[in-house]
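# Topology and contacts: notes
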Amino acid sequence: MKTILLLGAGKSATVLISYLLKEAEANNWKFIIADASKEQILSKTNHSRFAEAVQLDITNDRQREIIIQRAHVVISMMPPALHFLVAKDCVEYRKHLLTASYLDNNIKSLRDEIAQRKLLFICEAGLDPGIDHMSAMKLMDEIKTEGGIITSFKSHCGGLVAPESDDNPWHYKISWNPRNVVLAGKAGAEYKLDNTIRHKSYEELFEDCPCVNIDGIGPLAFYPNRDSLSYIPLYKLSTVATFMRTTLRHPSFCTGWDAIVKANLANADIAINTNDLSFAKWSSAVIPFVNEQNRMMLEYLGLFDETPIPGTARTSADVLQYLLETRLTMQPHDKDMIVMLHEIEYVVAYKTIKMQSSLIVKGEDSLHTAMAKTVGLPLGIAAKLILSGALQLTGLYIPNIKEIYEPLLLELELNGIKFNEKIVK
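Counting restarts for each chain, with residues numbered from 1 along the sequence as it is written. In keeping with the model being predicted, local features are shown solely for residues with a pLDDT of at least 70 and side-chain atom pairs are shown and tallied solely at 80 or more, while totals for entire chains, interfaces and linings include all residues. Heavy atoms throughout the structure, all of them, feed into the side-chain values; hydrogens and water do not.

With that settled, the discussion passes to the overall build of the protein chain. What the protein chain contains, in helices and strands, is 15 helices and 17 strands. For the radius of gyration, the atom set is restricted to C-alpha positions; the globular benchmark scales as 2.2 Å times the number of residues to the power 0.38. On C-alpha atoms alone, the protein chain measures out to a radius of gyration of 22 Å, which is about the 22 Å that the 2.2 N^0.38 rule sets for 425 residues. Structurally, the protein chain occupies a C-alpha span of about 60 × 60 × 40 Å along its principal axes. Type-normalised accessible area, obtained with a 1.4 Å probe on protein chains alone, sets the label of each residue: buried when under 20%, exposed when over 50%, and partly exposed for intermediate values. Taken across its 425 residues, the protein chain has 54% of its residues classed as buried. Taking contacts inside the protein chain between residues at least 6 apart in sequence as the whole, the part at least 24 apart equals 72%. Only the protein chains shown count as covering a residue, and every accessible area follows the Shrake-Rupley method with a 1.4 Å probe. Of the roughly 18900 Å² that the protein chain leaves accessible, carbon and sulfur atoms contribute 49%. Under this rule, positive means Lys or Arg and negative means Asp or Glu; His and the chain ends count for nothing. Lysine's charge is taken at NZ, arginine's at CZ, aspartate's at CG and glutamate's at CD. Side chains of the protein chain carry 45 positive and 50 negative charges; the gap between the two charge centres is 5 Å. Working definition: helices are DSSP H or I runs of at least four residues, strands are E runs of at least two. Numbering for both runs from the N terminus. Residue contacts are defined here by distance: any two heavy atoms, one from each residue, within 4.5 Å place the two residues in contact.

What follows covers helix H3 (residues 61-69). For H3, the complete set of buried residues consists of Arg 64, Glu 65, Ile 67 and Ile 68. Those residues of H3 that are buried are in contact with strand E1 (3-7), strand E2 (30-35), strand E3 (51-55), strand E4 (73-76) and helix H4 (83-92).

So, about the sheet that holds E4. If you walk across this open sheet you meet the seven strands as E3-E2-E1-E4-E5-E6-E16, and the pairing is parallel. Both edges of this open sheet fall to E3 and strand E16 (395-397), since each of them pairs with a single strand only. Here the strands of the sheet are splayed against their neighbours by 15° on average, with no regard to which way each runs. In terms of strand pairing, strand E5 (residues 96-99) meets strand E6 (residues 120-122) through two bridges, oriented parallel. Each residue of the ladder has a partner; that of Leu 98, found in E6, is Ile 122. The pairing criterion for strands is at least two bridges between them, as found by DSSP. Note on method: axes are straight lines fitted to C-alpha atoms, helices fitted across the in-contact stretch only, with angles between N-to-C directions ranging 0 to 180 degrees.

Looking now at the packing of helix H1 (residues 14-27) against helix H14 (residues 370-387). Contact geometry of H1 with H14 gives a least axis separation of 7 Å together with a crossing angle of 30°. With respect to each other, H1 and H14 are oriented roughly parallel. The interaxial crossing formed by H1 with H14 has right-handed handedness. Contacts from Thr 14, Val 15, Leu 16, Tyr 19, Leu 20 and Glu 23 in H1 reach Ala 372, Lys 373, Gly 376, Leu 377, Leu 379, Gly 380, Ile 381 and Lys 384 in H14. Partitioned by chemical class, the residues of the contact of H1 with H14 number eight nonpolar, three polar and three charged. Angle categories are assigned with fixed cut-offs, so that under 35 degrees is roughly parallel, over 145 is roughly antiparallel, 65 to 115 is roughly perpendicular, and the rest are oblique. In this scheme the handedness of a crossing depends on how the near helix is turned from the far one: anticlockwise by less than a right angle means left-handed, clockwise means right-handed. Polarity classes work like this: nonpolar for Ala, Val, Leu, Ile, Met, Phe, Trp, Tyr, Cys and Pro, charged for Asp, Glu, Lys and Arg, and polar for all others, with Gly in that last group.

As a further point, take the nonpolar core. To qualify as a nonpolar core, a set must consist of buried Ala, Val, Leu, Ile, Met, Phe, Trp, Tyr and Cys residues joined through side-chain atoms within 4.5 Å. Grouped together as the largest cluster of nonpolar side chains are 98 residues, with contacts concentrated most on Phe 31 and Ile 75. Ranked by residue count, the leading element in this core is H14, at twelve residues. What Ile 75 contacts, discounting residues up to four positions off in sequence, is Ile 4, Leu 5, Leu 6, Leu 7, Leu 16, Leu 20, Leu 98, Leu 379 and Ala 383. Counting 39 residues, the second-largest nonpolar core is a separate cluster that includes Phe 253, Leu 298, Ala 313 and Leu 323.

Okay, the pattern of salt bridges next. A side-chain nitrogen of Lys or Arg and a carboxyl oxygen of Asp or Glu constitute a salt bridge if their distance falls within 4 Å. Across all of its chains, the model carries 21 salt bridges by this definition. The closest approach of N and O atoms between Lys 138 and Glu 142, which form a salt bridge, is 2.9 Å. Within this pair, Lys 138 and its partner Glu 142 are both found in helix H7 (residues 131-145), separated by four residues, close to a single helical turn. Taking relative accessible area as the criterion, Lys 138 reaches 31% and is therefore assigned partly exposed. Across the pair Lys 422 and Asp 215 runs a salt bridge, and its minimum N-O distance is 2.7 Å. You can see Lys 422 sitting in strand E17 (residues 420-424) and its partner Asp 215 sitting in the loop between strand E10 (211-214) and strand E11 (218-224), a full 207 residues away along the chain. Asp 215 sits in the partly exposed class, given a relative accessible area of 44%.

This next bit is on the environment of Met 340. Relative to the helices and strands, Met 340 resides in strand E14 (residues 336-348). In this structure Met 340 comes out as buried when scored by relative accessible area, which is 0%. If we ignore the near neighbours within four places in the chain, the residues touching Met 340 are Leu 127, Ile 131, Asp 132, Ser 135, His 156, Cys 157, Ser 357, Ser 358, Leu 359 and Phe 419.

Before going further, it helps to spend a moment on the packing of aromatic side chains. A pair of Phe, Tyr and Trp rings is counted when the ring centres sit within 6.5 Å of each other, with Trp represented by its six-membered ring. The angle between the planes then sorts it: under 30 degrees is stacked, over 60 is edge-to-face, the rest tilted. Enumeration over the complete set of coordinates arrives at eleven aromatic pairs. The interplanar angle of 55° and the centroid separation of 5.0 Å between the aromatic rings of Tyr 172 and Phe 253 together place this pair among those described as tilted. Placement of Tyr 172 in the loop between strand E7 (149-161) and helix H8 (178-183) and of Phe 253 in helix H10 (residues 251-262) is noted, with a sequence separation of 81 residues between them. Residue classification places Tyr 172 among the buried positions, given a relative accessible area of 0%. Overall, Phe 253 belongs to the buried group, its relative accessible area being 4%.

Before going further, it helps to spend a moment on the side chain of Gln 356. Considering the arrangement of structural elements, one finds Gln 356 in strand E15 (residues 351-362). Residue Gln 356 is classed as buried on the basis of its relative accessible area, which comes to 15%.

Right, let's talk about the packing of H14 against helix H15 (residues 402-414) for a bit. As a packed pair, H14 and H15 sit with axes 10 Å apart at the nearest point and diverge in direction by 120°. In terms of their interaxial angle, H14 and H15 are classed as oblique. By crossing handedness, the relation of H14 to H15 is classed as right-handed. Here H14 contributes Leu 377, Pro 378, Ile 381, Ala 382, Lys 384 and Leu 385 to the contact with H15, which in turn contributes Pro 407, Leu 408, Glu 411 and Leu 412. Considered class by class, the residues forming the contact of H14 with H15 number eight nonpolar, no polar and two charged.

Moving on, we come to H4. Of all the residues in H4, the buried ones are His 83, Val 86, Ala 87, Asp 89, Cys 90 and Val 91. Phi turns positive, to about 55°, at Arg 94, one or two residues after H4.

Residue Pro 129 is bonded to the preceding Asp 128 through a cis peptide linkage, with omega at 20°. Looking at the element boundaries, Pro 129 is found in the loop between E6 and H7. Positive phi, normally seen in glycine, also occurs at Asn 195, with a value near 65°. Mapped onto the elements, Asn 195 comes out in the loop between strand E8 (189-193) and strand E9 (196-200). Of the residues examined, Asn 195 reaches a relative accessible area of 56% and is grouped as exposed.

This is the structure:
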C-alpha cells in the first residue's frame, strides 16, 4: 500500500491533514501522521480510520528511521533546523521528501545522492516560499514566450488578520509559528533596486517601510525579505534592474516593530535574569523609541505592564513571544488572511507594460486558517502527484519549473487559490 508520512501536526498542518485524509480514502493510500503530541494529531483527524497517529520524538534516531522506512513520500512540517535529520534518512532509505521551508546548504549537500538514488526532493513548496515561486514563474514564462523582456520584479506576501477580525492597533494576529514572527527579519535583507545591490540590516529593516495598494484591501507596508539576490538565477532574470521579495504588514505594524527591534527586545541569543523582572523593566530600552504613532501599540502588547515576567522565559525573545501569544492570539471565530502581489514590468515590441497579479485568501476560523491552507495544500498536492505517477522528476528542486508548478497551480485553483491579473495603466 502506498504510504504518505507527515512529520508534524502543528498550526500549519490542519488543512493539509484534511486534504490527505480525503485522498487516502479515495486512493486507498496509507496516511501516517507523527508528532510529539498524539493528542494534537487526533484532534485534527477526528480519529479517522484513514490516518494512523504516531507519537514521535523526531530527534530519536531509531524512532525516526523506523517510521520513515514505512513511507513512500515524506512531508516534513518540522522546524527548519530538523529537516536535515529527516532528509538524510530519506536519502538512506530511498524516500521522496517535501518541505515548505527554505532550501538550505545542508539539504543542498545531498543533491548528488538524491539524483543518484532517483529520488524527488522539493523544498520551498508552501506559501512563501512556494506559491510565490509557482505563480511568478508561470507569469514570467508566459511573458518570455511572447518575446517580453522583464526589467523589474517585486513579489510581496503577508499573513495578516482579515478585516472582519481586525480589532487591535497592531492590525495583526498570530496565525502561524509565533517564534518565526519574533525572529522575522533578523538576518537583514539583500535585494536589487534600479540596478543597484541594496543591503538592509535588521535594525534598518522596519524603518519607513514603503506601501503598495492591494485591490480590495488598501495600502499595506512591505519590507525586503532575506536574500532576494539568490533567486535571480533561479528565476532566470540575470539582466533585471529590480528584483525584490518582501513581506507585507499593516503600516502601523512596521512602526511598532521598528521600536522593538531598535530596543533589542527580540534578542534570542543573550540570557536574561527574570527574577523580580517586570515587563516594564524588561522593556525600558524601548522608551527612547516611543512616539505618538507606536505608543498605543506598545501599551497594547503589554510592554509597560508592571506585572512579573513568567519564570520560564530565558531570553528577551521568549518574553516577546509570550506577549505576542497572549495579546495577539486568534480567537476561535477569528479569520486570518493571506495576501500576495507580484509586480512585473517588462518590455515587448518597444512598449513597457506593468502587470500585477494578486491573491487574497481568507481563513474559515482560527483552526482552518488561510495560512494552513496555503502552506499545506501545495505539499499535499505534490504528494498526490508523486504517488499517482503524475510527477516523475528526480533530483532536488524548488517549484520554479513548469513540470512542477503547472499541475500544482491547476489544483490550487480548484481549491480556491486563484490569482487575479491586470495590466496597470
